[in-house]
Amino acid sequence: MGWFRVVAAGMAIAWAGAAASPAAAAQTPVNPMIDIAYVEPANPDFAPLYEGLKRRKVLEELQAFLAPLLLPKRLTIEVAQCDAPNRLYAPGGPVTICYEYVARLRALAEKIPADGATDSGVTRDDAIIGAFVQATLQRTASAIIDIFDLPVWGREEDAADKLAAFLMLQFGPGAAARLIKGAEFFFNASEHAWNGADFAEIESPEAQRYYNYVCIAVGADPRTFAAGGESRDKPRSAALGLGGVFTQYRAVKCAHEYAEERWAFQKLLLPHVDPVLLRQVLARDWLKPFDP
Amino acid sequence: MTALVGALARLWPRAALLAVLLVAASGLHGARAQDDPALANDRIVITYVPPRASFLVPIYNRLKERQVLEQLKQFLSPLKIPDGIVLKITMKECGETNSWWSGRQNGLFLCYDWLDYALNIASQIDDPHGLTREDAVLGAFLQVIFHELGHAMFDIYEAPVLGREEDAADQMAGLILSRFGPDVAKRTFPGVVYLAKSMAEADGDWEHDRFADDHGNWLQRAYNNLCMAYGADPTTFAYVVDQGLLPKERAANCGREYAQISHAFAVTIYPHIDPEKMKLVQAKQWLRPEGQEVPDK
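For clarity, every value in this text was computed on a predicted model and none was experimentally measured. (Residues numbered from 1 in each chain as written. Chains lettered and ligands numbered in written order. Predicted model: local features only at pLDDT ≥ 70, side-chain atom pairs only at ≥ 80, totals over all residues.)

**Q** I'm lost on the overall build of chain A in this one. Help?
**A** Of the regular secondary structure elements, chain A holds 14 helices and three strands. Per-residue burial over chain A gives 53% buried out of 292 residues. (Helix = DSSP H or I, 4+ residues; strand = E, 2+ residues; numbered from the N terminus. Buried ≥ 20, exposed ≤ 12 C-beta atoms within 10 Å, placed from the backbone.)

Structure (structure tokens):
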């Protein structure tokens, strides 16, 4: 891991929250082809989320973060009330993060003590940031696939997940670990039971997505993300609930999975990235405390 | 030949299924497969390895007799294999119900055990939608071949795979099965779906840990295949929606999904295909019409 910081496309979105200053944001050019919107919610319950996200300029940070991406047409990224738990990207856009979704991930994260962490070391802050970044990146990845008409083998929602995971891993071990672990926590916390015709859905089961993120991370950086990476007394595999099927069967394939994703990114997306802007983006400290 | 098949059907149902399958897969009328120079490709090497298990010997014998690998080699002849690579395709006893792409060095392994398993599943078939035992085996057999060939092509051509590769390989198989007209699709997709649903039933509900598998849940795979069939040909496969086999919500996206798969093939694989040979392959009748038998030599 690390080649990306030198030559790759900086499309990842990590949130600069309260600590991001307007001056710092102003120094990094924004992507002129990206429009942002905080859509005022009709439901007053979402007003605090709306105000909080606006105050922290999360979408402005995203615009700056995506600056290296040479988009051939405009893309709108918004936070809005969806009247649904979630909204997937549809061809033509926009990218929409729902207040409902943010509220849900915040509610899940509040299961973690404010001053504590899960067995696998996830703090409340990491859970919120990681899940939010994952959702935003995943939908933006879908938009990128659409805009550049990329060839997609495999299910498209999984492709967007894998691309999001890949981008989250490009921030160096510390930040990447926080993002990935936060996303993992969110998927693992889902209590959605899948039966019968549920498996016809376009999105994959949360448990399956969880292992996809775990595997990409292990493939990228086994030292940080694999069993025993953090504590000899509390192996990460046990803390993450990585049982026999992962450790005995999937784990050995993760390096290949990561390499395959890296190759796909290099071949399909790197030509659409400005390398100078990329270096500027990667030089910034993007990941700061965030609480919508 | 017709009398022999009839005799086998009375005495050994599994053998009859095998006989019919291999008759169906044996391809051309008239000339022997290897006599068609237009479909030669010396970068594809085929091998039948004799099995040690006695119960697999009939399968081995019939596959060889019917020149199934020879037919497959001709079918794959349009593939432009890169320099330094030979596409090896080996049929053998594997000791497990599996088949796999082993990499560029050792190539593709297709297992008699898998075909034996498919025959066992099909012999129990009692499908309310009219799927025949013969077509169940045909679909399952062809799907696994083309699935593993999908892995081979992704590797050999260094195709960028943004999604999960096992799903991608399923898509490759489905795409191939959909490109030879509605008759081939009608005879093969239902068998693919039937086998996937049978596997799902045998698996039961998946615990959390099971989702670590890089293969999708068998029901997911069944729905993916239904979606591909419907997306490719909503007229022929209208019944999968009408009869509730594929939820309407998913069906509404299947045209787009199929277009996505077609696009991926066009961009990443088609440049490696000889278009003139491809036309010859697409013009041939690779599956005999149901009920027609190959005459004795």
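**Q** How should the nonpolar core be read in this particular structure?
**A** In globular proteins that are soluble, nonpolar side chains generally tend to be buried together. In terms of nonpolar packing, the biggest core is built from 165 residues, with Met168, Ile180 and Ala217 of chain A together with Leu226 of chain B touching the most fellow members. At 14 residues, helix H6 (residues 133–156) of chain B tops the list of elements feeding residues into this core. Not counting chain neighbours up to four residues away, the residues in contact with Ile180 of chain A comprise Gly130, Met168, Leu169, Tyr213, Ala217 and Phe225 of chain A. (Core = buried A, V, L, I, M, F, W, Y, C linked by C-beta atoms within 7 Å. Contact = placed C-beta atoms within 7 Å.)

**Q** Any chance you could explain the interface of chain B and chain A here in plain terms?
**A** Accessible area lost during the coming together of the parts is what is often quoted as the interface size. Counting from both sides, the interface comprises 30 residues of chain B and, opposite them, 32 residues of chain A. For the side of chain B that touches chain A, the elements supplying multiple residues, two or more each, are helix H7 (165–178), helix H9 (218–232) and helix H11 (248–268) of chain B. Among the elements that make up the side of chain B that touches chain A, the one with the highest residue count is H11 of chain B (seven residues). A breakdown of the residues in the side of chain B that touches chain A according to their chemical character gives 13 nonpolar, nine polar and eight charged. (Nonpolar A, V, L, I, M, F, W, Y, C, P; charged D, E, K, R; others polar.)

**Q** Help me understand the environment of Ile147 of chain A in this model?
**A** Residue and element names in this part refer to chain A. Mapped onto the elements of the fold, Ile147 is located in helix H6 (residues 124–147). A tally of 19 C-beta atoms within 10 Å means that Ile147 is categorised as partly exposed. Along the sequence, Ile147 and Leu71 sit 76 residues apart, while their C-alpha atoms lie 7.7 Å from each other. Once you skip the residues sitting within four places of it in the chain, Ile147 turns out to touch Leu71, Pro72, Lys73 and Leu75.

**Q** In this structure, what is going on with the sheet that holds strand S1 (residues 34–38) of chain A? I would like to understand it.
**A** Within a beta sheet, neighbouring strands are joined by backbone hydrogen bonds and run either parallel or antiparallel to one another. All names here are of chain A. Strand order in the open sheet formed by three strands is S1-S2-S3, and the pairing between neighbours is parallel. This sheet does not close on itself; its edge strands, each paired only once, are S1 and strand S3 (95–98). Averaged over all adjacent pairs, the angle separating strand axes in this sheet is 10°, with direction ignored. In terms of strand pairing, S1 meets strand S2 (residues 75–80) through five bridges, oriented parallel. Across the sheet, residue Ile34 finds its bridge partner in S2, namely Leu75. Of the strands in this sheet, S2 and S3 touch helix H5 (residues 99–109), which is tilted by about 45° from S3. (Pairing = 2+ DSSP bridges. Axes fitted to C-alpha atoms, helices over the stretch in contact; angles between N-to-C directions.)

**Q** I'm lost on helix H8 (residues 182–203) of chain B in this one. Help?
**A** Count 3.6 residues to each turn of an α-helix, and residues three or four apart come out pointing the same way. Residue and element names in this part refer to chain B. End to end, H8 covers 31 Å across 22 residues, agreeing with the expected 32 Å (1.5 Å per residue, within 8%). Looking at the buried positions of H8, the neighbouring elements they touch are helix H5 (112–123), H6, H7 and H9. Directly beyond the C-terminal end of H8, a positive phi value near 75° is found at Gly204. (Expected span 1.5 Å × (residues − 1).)

**Q** Any chance you could explain the sheet that holds strand S3 (residues 99–101) of chain B here in plain terms?
**A** Residue and element names in this part refer to chain B. If you walk across this open sheet you meet the four strands as S1-S2-S4-S3, and the pairing is mixed. This sheet does not close on itself; its edge strands, each paired only once, are strand S1 (44–48) and S3. Strand-to-strand, the axes of this sheet are offset by a mean angle of 10°, without reference to chain direction. Bridge count between strand S2 (residues 87–92) and strand S4 (residues 108–111): four bridges; the pairing is parallel. From the neighbouring strand, Lys92 faces S4, where its bridge partner is Cys111. The strands touched by helix H4 (residues 68–75) within the sheet are S1 and S2, with S1 carrying the most contacts at an inclination of about 165°. Each of S2, S3 and S4 is contacted by H6, which is oriented at about 15° to S3, the strand it contacts most.

**Q** Looking at this structure, I do not really get unusual backbone geometry. What am I missing?
**A** Where the residue is not glycine, phi is negative for most of them; where a peptide bond is considered, it is trans in most cases. Residue and element names in this part refer to chain A. Cis geometry marks the peptide bond from Gly93 to Pro94, where omega comes out at 5°. Structurally, Pro94 can be placed in the loop between S2 and S3. For Asp83, which is not a glycine, the phi torsion comes out positive at approximately 55°. Note that Asp83 resides in the loop between S2 and S3. With a phi close to 50°, Asp149 is a non-glycine residue in the positive phi region. For Asp149, the location among the structural elements is in the loop between H6 and helix H7 (156–168).

**Q** Help me understand the environment of Leu105 of chain A in this model?
**A** Residue and element names in this part refer to chain A. Along the chain, Leu105 falls in helix H5. The class for Leu105 is buried, based on 23 C-beta atoms found within 10 Å. Sequence spacing of Leu105 and Arg178 is 73 residues, and the spatial spacing of their C-alpha atoms is 15 Å. Residues contacting Leu105, with those up to four places away along its chain left out, are Ile128, Ala131, Phe132 and Phe186.

**Q** I'm lost on the packing of H6 of chain B against H8 of chain B in this one. Help?
**A** Between two packed helices, both the angle of their axes relative to each other and the distance between the axes serve to describe the pair. All names here are of chain B. It is the contact of H6 with H8, at a shortest axis distance of 7 Å, that shows an interaxial angle of 85°. As judged from the angle between their axes, H6 and H8 are roughly perpendicular. Counted together, Asp135, Ala136, Val137, Leu138, Gly139, Ala140, Leu142 and Gln143 of H6 and Arg187, Thr188, Phe189, Pro190, Gly191, Val192, Tyr194 and Leu195 of H8 form the full contact between these two elements. Residue classes in the contact of H6 with H8 are distributed as ten nonpolar, four polar and two charged. (Parallel < 35°, antiparallel > 145°, perpendicular 65-115°, else oblique.)

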